[in-house]
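Per-entry structural report
Residues per chain, in single letters:
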Amino acid sequence: MITPDFKADLRVFLQDARDALLWKLEGLSEYDIRRPMTPTGTNLLGLVKHLAGAEGFYFGTVFGRPVSAPELWIAGDAEPNADLWATPDETREQMVGDYRRVCAHSDATIEALPLDAIGRIPGERGAELTLHRTLVHMTYETSRHAGHADVVRELVDGTVGQRAEGPNVAPGNASWWAEHRNRVEHAAKEAELQRPEGARGTARPAPTGPQ
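Please read these numbers as outputs of a predicted model, since none were measured by experiment. (Residues numbered from 1 in each chain as written. Predicted model: local features only at pLDDT ≥ 70, side-chain atom pairs only at ≥ 80, totals over all residues. Heavy atoms only, no water.)

1. Description of the overall build of the protein chain
Here is the rule: Secondary structure elements follow DSSP: runs of H or I of four or more residues count as helices, runs of E of two or more count as strands, with numbering from the N terminus. Only protein chains enter the accessibility calculation, which uses a 1.4 Å probe; a residue is then buried when its area is under 20% of its type maximum, exposed when over 50%, and partly exposed in between. Contact criterion: two residues are considered in contact whenever any of their non-hydrogen atoms come within 4.5 Å of each other. The method behind every accessible area is Shrake-Rupley, applied with a 1.4 Å probe, and residues are considered shielded solely by the protein chains displayed.
Along the backbone of the protein chain there are six helices and two strands. When the elements of the protein chain are put in sequence order from the N terminus, they spell out α-α-α-α-β-β-α-α. When the backbone C-alpha atoms are referred to their principal axes, the protein chain occupies close to 55 × 50 × 40 Å. Burial analysis of the protein chain (211 residues in total) assigns 35% to the buried set. Considering only contacts within the protein chain whose residues lie at least 6 apart along the sequence, 70% involve residues at least 24 apart. Here the protein chain has roughly 13,100 Å² of accessible surface; of this, 56% comes from carbon and sulfur atoms.

Below, the structure written as structure tokens:
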């Protein structure tokens, strides 16, 4: 009979998402890891910076184990979106190094405390969080942003894949993928044409700021 180890399970999936995120920067220039690839400025190095701040906040500040990390604009006095992009003087080595260092601090917090340990979000809200809930939150958040990184990297240079040792995508060369994309596009247009005219969707305007 297998005995569940919830902390170990969550740590495995959190680390897998961390690794996937950093892998998405490999082989790219300074410009490409910083390029804003969406109307709201989503970029690869900014995602790393943001998650360093999130790990530092949730596994550090919340549990009374502070660590130096980028400040989350939504949780402090930084300008809006300051944690989601890197300035020219914030180097790749600094940002990636900070992320690895803060993650190591997070792992020490996870190792030191039981899952039912209580942390508190500072400020007026003062919400209490268990370590278990915090682990679930950060595993979800890191995986979500790793998914953003998947899309951003594909937009930058066409590279796809879940992780370095296992891409987990259908095999196919450039022409196969072009044909596949055309089939998906054709199906989307056909589906729209089959809807009653009054029920057809309209294009949404591009966002003009942080959502």
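Don't stop here, the text continues.
2. Quick notes on the environment of glutamate 190
With respect to the secondary-structure elements, glutamate 190 resides in helix 6 (residues 174-194). The partly exposed category is assigned to glutamate 190, whose relative accessible area is 32%. Between the C-alpha atoms of glutamate 190 and histidine 132, which are 58 residues apart in sequence, the distance is 46 Å.

3. Section: the nonpolar core
Rule in force here: Take the buried residues of types Ala, Val, Leu, Ile, Met, Phe, Trp, Tyr and Cys, join any two whose side-chain atoms come within 4.5 Å, and each joined set is a nonpolar core.
Formed by 36 residues in total, the largest nonpolar core has its most connected members in Leu21, Leu25, Phe59, Val62, Tyr99 and Met138. Elements with a minimum of two residues in this core: helix 1 (6-23), helix 3 (44-59), helix 4 (92-112) and helix 5 (131-157). For this core, the element with the most residues is helix 3, which contributes 10 residues.

4. Examining the packing of helix 3 against helix 5
Test applied: Under this scheme, a helix contributes an axis fitted over its contacting stretch, all axes are lines through C-alpha atoms, and angles between N-to-C directions fall in the 0 to 180 degree range. Put simply, angles under 35 degrees are roughly parallel, angles over 145 are roughly antiparallel, angles from 65 to 115 are roughly perpendicular, and the rest are oblique. Classes in brief: Ala, Val, Leu, Ile, Met, Phe, Trp, Tyr, Cys and Pro nonpolar; Asp, Glu, Lys and Arg charged; the others, Gly included, polar.
Packing of helix 3 against helix 5 brings their axes to within 10 Å, and their N-to-C directions diverge by 175°. With respect to their mutual orientation, helix 3 and helix 5 come out roughly antiparallel. Of helix 5, the residues touching helix 3 (which contributes Leu44, Leu47, His50, Leu51, Ala54, Glu55, Tyr58 and Phe59) are Leu131, Thr134, Leu135, His137, Met138, Glu141, Thr142, His145, His148, Ala149, Val152 and Arg153. Grouping the constituent residues of the contact of helix 3 with helix 5 by class yields 11 nonpolar, six polar and three charged.

5. Things to note about a nonpolar patch on the surface
Spelled out, the test is: Patch rule: a residue counts if its relative accessible area is over 30% and it has no salt bridge; like charges are joined within 9 Å, and nonpolar side chains (Val, Leu, Ile, Met, Phe, Trp, Tyr) within 5 Å. Note on definitions: salt bridges are taken to be side-chain nitrogens of Lys or Arg within 4 Å of carboxyl oxygens of Asp or Glu.
Together, Val160, Val169, Trp176 and Trp177 make up an exposed nonpolar region whose accessible area comes to about 320 Å². By the secondary structure assignment, valine 160 is in the loop between helix 5 and helix 6.

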